[in-house]
Amino acid sequence: MCATCGCDDEASVRVITLHGDGSRTMDTDHVQTHDHAQTHDHAQTHDHAHPHDHDHPHEPALSASTAAEREIALEVAVLAKNDARAERNRGWLAGRGVVALNVMSSPGSGKTTLLERTIRGAAVQFPIAVIEGDQETTFDAQRIRATGAAVVQVNTGAGCHLDADMVARGLTALDPAAGTVVVIENVGNLVCPALFDLGEASRVVVMSVTEGADKPLKYPHMFRRADVVVLNKIDLLPYVDFDQDRFATAVAALRRDVQIIPCSATTGAGLDAWMSWLSAAVGRPESLTVPIDGA
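Being a predicted model, the structure only gives us computed values, none of them experimental.

Chemist: How do you make sense of the packing of helix α2 (residues 111–122) against helix α8 (residues 271–281) when you look at a structure like this?
Modeler: Relative placement of two packed helices is described by the angle separating their axes and the distance separating the axes. As a packed pair, α2 and α8 sit with axes 11 Å apart at the nearest point and diverge in direction by 65°. As summarised for this structure, α2 and α8 are arranged roughly perpendicular, according to the angle between their axes. The handedness of the crossing between α2 and α8 is right-handed. Contacts between α2 and α8 involve Leu 114, Arg 117, Thr 118, Gly 121 and Ala 122 from the former and Leu 271, Trp 274, Met 275 and Leu 278 from the latter. The class makeup of the residues in the contact of α2 with α8 is 6 nonpolar, 2 polar and 1 charged.

So, in structure tokens, the structure goes:
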């Protein structure tokens, strides 16, 4: 288990590129997602030289305090390595004139539907390419490909989030041109994605009204680091118990200046505000519009 987030250290990560003619190419590596600050060849077994009781029967057991110190040191090393990779991603993107957004949410918030509408609304002004993060399947990537956008699916296997190295591989496969906006749709999870910088310019948190107004208080790290919060599925407000004032107060307690955009990706209501935020975030002063009827 990973000391940072609890997901499986070793995962089979697949980077799948969907092409316009219906074909796909796939790159699969058996990688150690959180490599304990060591370098491992993908083809070799992982002899970590870590102490194990069965290998070293005479080695004294670690005290609770020593074990905790090692766990903290491991977490720091994992995040430091990821941050270094994220900075390289950020430099690579800047060198190409490409802006990246990290879109995070719990599963089922509607972020793929939001992306479908966003891609169609922005197509006239700038291209959007997408890195799709999921543990398995290419379902969401196929939906994005149907909009005409370039897309790469990253399947994390047992991993519960994307990290900077996975995104680097996705960017290589995408090969975005200057002026492209790369949207990284992270694995559905309100916990671990908040910990990992991917090299993005902005962080977008999507939440639906079906999830409950207390989510910012339950998952503060995610909302504390958000640059914008999209409150989706407002068309369902008459049918669910969701207190918008309570939600706004909870978000403001974590990050006072963050903008909350209520909208419905299904009906299109409220999406003009989202597209205006997007235009400003990626340095395009022109405002974008999305039709209310139809995706």
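Chemist: Hey, could you run me through the nonpolar core in this one?
Modeler: Soluble, globular proteins show a tendency: their nonpolar side chains are buried together. Core analysis: the largest hydrophobic core is formed by 31 residues, its most contacted members being Ile 128, Val 130, Val 204, Trp 274 and Trp 277. Among the elements that take part in this core, α8 stands out by supplying 5 residues, more than any other. Of all hydrophobic cores here, the second largest spans 21 residues; its members include Leu 79, Leu 171, Leu 174 and Phe 196.

Chemist: Help me understand the packing of aromatic side chains in this model?
Modeler: Enumeration according to the criterion identifies 3 aromatic pairs in this entry. When the ring of Phe 242 is compared with that of Phe 247, the centres are 5.5 Å apart and the planes differ by 50°; the resulting orientation is tilted. Looking at Phe 247, the relative accessible area reads 1%, which means it is buried. Ring geometry for Trp 274 and Trp 277: centres 5.6 Å apart, planes at 15°, overall stacked. One end of the pair, Trp 274, and the other, Trp 277, are both in helix α8, 3 residues apart, so they sit about a helical turn from each other. Across the pair, Trp 277 and Trp 274 agree in class, each one buried. Of the aromatic side chains, those joined through ring pairs into one cluster are Phe 223, Phe 242 and Phe 247.

Criteria and cut-off values
Residues numbered from 1 in each chain as written. Predicted model: local features only at pLDDT ≥ 70, side-chain atom pairs only at ≥ 80, totals over all residues. Heavy atoms only, no water. Axes fitted to C-alpha atoms, helices over the stretch in contact; angles between N-to-C directions. Helix = DSSP H or I, 4+ residues; strand = E, 2+ residues; numbered from the N terminus. Parallel < 35°, antiparallel > 145°, perpendicular 65-115°, else oblique. Left-handed = near helix turned anticlockwise from the far one by under 90°. Contact = heavy atoms within 4.5 Å. Nonpolar A, V, L, I, M, F, W, Y, C, P; charged D, E, K, R; others polar. Core = buried A, V, L, I, M, F, W, Y, C linked by side-chain atoms within 4.5 Å. Buried < 20%, exposed > 50% of the residue type's maximum accessible area, 1.4 Å probe, protein only. Phe/Tyr/Trp six-rings, centres within 6.5 Å; stacked < 30°, edge-to-face > 60°.

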